[in-house]
Each structure stands twice: as structure tokens, then as C-alpha cells.
Amino acid sequence: MSKLFDIVLWGATGFTGQLVAEYLAQNVGDSVRWAIAGRNQEKLEKLRESLAIPNLPILIGDSHDQQSMDAIVAQTRVVCSTVGPYTLYGTPLVAACAAQGVDYCDLTGETLWMRQIIDTYQAQAEQSGARIVHCCGYDSIPSDLGTLVLQEHAQAVYGRSCHEVQYISWAASGGFSGGTIASLLNVLEETKGNKTKAKLMANPYNLVPEREPDWSQTDQDSARYDEATRVWTGPFMMASINSRIVRRSNALLGWRYGEDFRYNESMKMPNRAAATAFSASYKLGIGAMMALPVRGLVDKALPSPGEGPSVEIREKGFFKSKLVGKTTPSTSSGTTSTSSGTTSTDSGTTSTGSVTLIGEVSDNLDPGYGSTAKMLGESALCLAFDDIPQRGGILTPASAMGMTLVNRLRQAGMTFKPET
Ligand SMILES: NC(=O)c1ccc[n+]([C@@H]2O[C@H](COP(=O)([O-])OP(=O)(O)OC[C@H]3O[C@@H](n4cnc5c(N)ncnc54)[C@H](OP(=O)(O)O)[C@@H]3O)[C@@H](O)[C@H]2O)c1
């Protein structure tokens, strides 16, 4: 059945939703049939006016009203959602997409909710052909597609994959929005005092239900030195989300990176003392956030839903992450080489022929909003128009869109190295 729209942007009035609307308004032509959707007609009309597209269609619904979700989904080929916390608002929309075979992408980083979606809708989405893709923003595209790019390079140049990848958040500047804070606090609230949920949250394979937990791959919580890049690192806040997505990608790609593939995320620190101090305060900080009096202060001090970093902060923002991969050893002796046409260097080999590869993902916009709007907007366009695998299910950026999305994002100004 032919649909009225290619893409419906659900939650277009929110802080991030407006940025995605601006991204689409600036980057798609008349041939793309898209609409903005939300719960407030007046706000949507104001947004349409600011976008200067007088004939841009508006759809109205409520996240908790299944009928309205079904009706919106029935009109489009792809839904792009920025309505969060997704644990509170996201399920009816995903249910409608899974039932109707409609593609979907979002910005959730709520792993317990994603696990619930996998447990409930994987089989139905496989059957209907709906490609449900979570984590299409700063979490987890740099990690997920950065790892894919490094693995593709390792395969193309060395004929084997990396058995280990270390993602290092090298530098970043930006801010947080109210919706992100609300989502983070909601996750902490959910796991507080609930041992089963806390254990599931900590499970490195919590998004691969068929796989036993591998407690040897827990998230980094202390200072470590990275030999390849010669920096000290400490814990990275997004690791508990991104690493789960990368592992699910590996599983959905038929264990393309290997069943014993190891993945870790960390953040670059100026020196050992800073890494040690940051690691200690990171653990204390997470504990403190769970304590009610501190939670009250956090609620007051940080942006409320609808608010976020200023234009100035966003325009000055940027991010750069490095990925260090180590290939499985080869039986023949290895060679030292430099990746073609990039500054990324495949450095040194060991006597067993294991090669160390260094990749990079970066953008010259703030990670959480400017760059995220680009990543989510391009994901929606990729689902709507590109030649990507037809398989339905609860997917990840790498398993659903892979190198096709990497190429789109490169065209849109993001850097992914090495280029193979
Ligand atoms: N992965 C990433 O890198 C990344 C980056 C940025 C944001 N995010 C996530 O994106 C989500 C949104 O963040 P944000 O700061 O943009 O949030 P926000 O400004 O608070 O916007 C939330 C949106 O949800 C809508 N909404 C709330 N309740 C609704 C309901 N019952 N029915 C329909 N719509 C409803 C709001 O509509 P009204 O305008 O009518 O209130 C608004 O459009 C959060 O979960 C955040 O964590 C992730």
C-alpha cells in the first residue's frame, strides 16, 4: 500500500526534535515527503513557521494513546522519534511500527527499555519486516559505526578482524538537554533498589538475550594506560550503552567480529593522577546521583525538559573519538603499513603478526545535539531511501544500515577513519 509520507518526525517540538526538523528542512528537497508530529498543534505550527515550509504537514497524537500511534504509523514508511524518556513514552509507537512493518529510528540510550523491546517485539518485527533501530545519535553511532569501519578495514587490508577494540573518547565539547537528563535519571531510578534490573544493566551482553553474561567484559571503572595511543584513560559515561549496542551488532552480523570479540570504552585523561582521581569521583558521583537529596539538587540545577545547550555552545561544539583495534594474530609474519590516503596509521606488528589499527570518528558540531540531529536525520533518510538489508527486527545502526550510513554521514561532514 502506498504511504502518504516517507518520514514522520515524532516529537518535533522537543529540544532535539526541533534540531532534527531543522536538519531535514535544510537538507532534503521537495521529493522527500515528510511531516512533523507531536501532541501540541500550536507548538507544531510555530515550528513550521520557523522552518519556513508553510505546506509541511502536521500530525497530532499522544504517546500513551495506542490508536493515535497506530494512525500516525499507518501514514508513513519511516518514523523518526525524539520523544523520551523512551521507557515512559516509547513503547506504543514501537508496537505500532512492529505490527505494521514500518521502519523506525530513535535516540534512546535506555538499555533496559531496549531489552524489553527486544524481548517483546523481535519476533513480530522479523515477521512484519519492520527495521527498528535504536541509538541513532551520539550514543551509539560513533561507537557502533566506528567499530564497523575499523573491522571492515581490518578485513579488507589484513583479511581478518580485530579481536579487540578500545574506543577512547578523545575530546568533546557540548552540553546536555532536559530530556537527556530526565532519561538518565529515569534509568538510575529504575535500577535503584532493584537487584535484578541492576544486574541486567551491568550485564555486558544485556542486548544479546541468547548469550550468557560475560563478566570479564564489564565497563572500565578505573585508570588504565593505553599503549597504542600513549594516553591514560578513565571511565566513559556512555560505555554502558554503546558497548551493549556494539556487541548486539556483532551478534546480528553473525558474529562477524568473532564470538570472542572484546570491546571497551574509556575517556582520555591528561595523566595518571587525573585518571585515578576521575575514576574515584566517577564511582562516587554515580552513587551520589542515586541518593535522593542529591537527586533533588540535580533536578533543580540542570535543564528541564524542552531546554538544552545554547546555540553558541552547540556551534562551538565538536567531538573526536579514537578506536584502537588489534587484529587476530596471523600465521604468516605481519607487516607494518599505513592506511591508504588517511592520517590513520596501522602501527607496528608483534612477532605473532597481530596488527594495531587506529581509527577515528569526529564531527565539528556538538555531539549530543548538532551532530546527533545529523546522525538521526541521516538514519531516517537511509531507512527511507537507501539500498540496505531488508531484514526486520530490533536492529542497531551497524546491522541495519552499516557502511551505507557511514557513507551518508561522511557526505554530511562527519569523519570516519580509516577509509578503506
Ligand atoms: N542518543 C543521544 O545522543 C541523544 C541526544 C539527545 C537527546 N537524546 C534523547 O532524546 C530524548 C529527547 O530529548 P530532548 O532533550 O529533546 O527532550 P525534550 O526537549 O523534553 O522533548 C521531549 C519531546 O517529547 C514530547 N512528549 C512528551 N510527552 C509526550 C506525550 N505524552 N505524547 C507526545 N509527545 C510527548 C514533547 O512534546 P511537547 O513539546 O509537547 O512537550 C517533546 O516534543 C531523550 O530521551 C534524550 O535522552 C539522546
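Residues numbered from 1 in each chain as written. Predicted model: local features only at pLDDT ≥ 70, side-chain atom pairs only at ≥ 80, totals over all residues.

(A) Seen up close, the domain arrangement of the protein. Taken domain by domain, the protein consists of domain 1 (5-138 + 371-417) and domain 2 (141-368). One C-alpha centre belongs to domain 1, the other to domain 2; they are set 24 Å apart. At the junction of the two partners, domain 1 supplies 37 residues and domain 2 supplies 46 residues. The set of elements that each furnish at least two residues to the side of domain 1 that touches domain 2 consists of helix H1 (15-27), helix H4 (86-89), helix H6 (111-128), helix H14 (367-385), helix H15 (397-400), helix H16 (402-411) and strand E16 (415-417). The element best represented in the side of domain 1 that touches domain 2 is H6, accounting for 6 residues. Grouping the amino acids of the side of domain 1 that touches domain 2 by side-chain chemistry returns 18 nonpolar, 14 polar and 5 charged. (Domains from an automatic or database assignment. Contact = placed C-beta atoms within 7 Å. Helix = DSSP H or I, 4+ residues; strand = E, 2+ residues; numbered from the N terminus. Nonpolar A, V, L, I, M, F, W, Y, C, P; charged D, E, K, R; others polar.)

(B) Highlighting the environment of Gln151. Looking at the secondary structure, you find Gln151 in helix H7 (residues 141-158). Spatially, the C-alpha atom of Gln151 lies 15 Å from that of Ile245, the residues being 94 residues apart in sequence. The contact partners of Gln151, leaving out residues within four places of it in the chain, are Ser161, Cys162, Arg256 and Tyr257.

(C) Focus on the sheet that holds strand E5 (residues 103-106). In spatial order, the strands read E3-E2-E1-E4-E5-E6-E15; together these 7 strands make up an open sheet with parallel pairing. Edge positions in the sheet fall to strand E3 (58-60) and strand E15 (393-395), since each has one partner strand and no second. Averaged over all adjacent pairs, the angle separating strand axes in this sheet is 20 degrees, with direction ignored. Looking at chain direction, strand E2 (residues 34-38) and E3 are connected through 3 bridges and run parallel. By the bridge assignment, Ile36 is partnered in E3 with Ile58. Packed onto the sheet, H6 meets strand E6 (131-133) and E15 and runs at close to 120 degrees relative to E15. (Pairing = 2+ DSSP bridges. Axes fitted to C-alpha atoms, helices over the stretch in contact; angles between N-to-C directions.)

(D) Structural view of the environment of Arg262. Here Arg262 shows up in strand E10 (residues 262-269). C-alpha separation for the pair Arg262 and Glu164, spaced 98 residues apart in sequence, amounts to 4.6 Å. Beyond its immediate chain neighbours, meaning those up to four positions away, Arg262 contacts His163, Glu164 and Gln217.

(E) Structural view of the site of the ligand. Residues in close proximity to the ligand total 34 residues, the closest being Gly14, Gly84, Gly137, Gly179 and Pro305. Of all the secondary-structure elements, those providing two or more residues to the shell around the ligand are H1, H4, helix H8 (178-191) and H14. Element by element, the count of residues in the shell around the ligand is highest for H8, at 4 residues. Taken together, the residues that form the shell around the ligand break down as 8 nonpolar, 22 polar and 4 charged. Both domain 1 (5-138 + 371-417) and domain 2 (141-368) contribute no fewer than three residues apiece to the shell around the ligand. (Near = placed C-beta within 6 Å.)

(F) Molecular detail of the nonpolar core. Membership of the largest hydrophobic core comes to 102 residues, with the highest contact counts inside it found for Val8, Leu9, Val79, Cys80, Cys97 and Ile132. For this core, the element with the highest residue contribution is H14, accounting for 9 residues. No fewer than three residues from each of domain 1 (5-138 + 371-417) and domain 2 (141-368) sit in this core. (Core = buried A, V, L, I, M, F, W, Y, C linked by C-beta atoms within 7 Å. Buried ≥ 20, exposed ≤ 12 C-beta atoms within 10 Å, placed from the backbone.)

(G) H6, seen in detail. The sharpest bend along H6 comes to roughly 60 degrees, located at Tyr121. Residues of H6 that are buried include every one of Thr111, Trp113, Met114, Arg115, Ile117, Ile118, Tyr121 and Ala125, and no others. Looking at the buried side of H6, the elements it contacts are H4, helix H5 (91-100), E6, helix H9 (195-202), helix H10 (239-252) and E15. Gly129 sits one or two residues past H6 and shows a positive phi near 90 degrees. (Bend = angle between axes of the 7 residues up to and from the residue.)

(H) Geometry of unusual backbone geometry. Of the consecutive residues Gly84 and Pro85, the connecting peptide bond is found in the cis state with omega at 0 degrees. Note on placement: Pro85 falls in the loop between strand E4 (76-81) and H4. A cis amide bond links Asp139 with the next residue in sequence, Ser140, at an omega value of 15 degrees. Topologically, Ser140 is positioned in the loop between E6 and H7. Of note, the phi angle at Ala52 is positive, near 60 degrees, even though the residue is not glycine. Inspection of the secondary structure assignment puts Ala52 in the loop between helix H2 (41-51) and E3.

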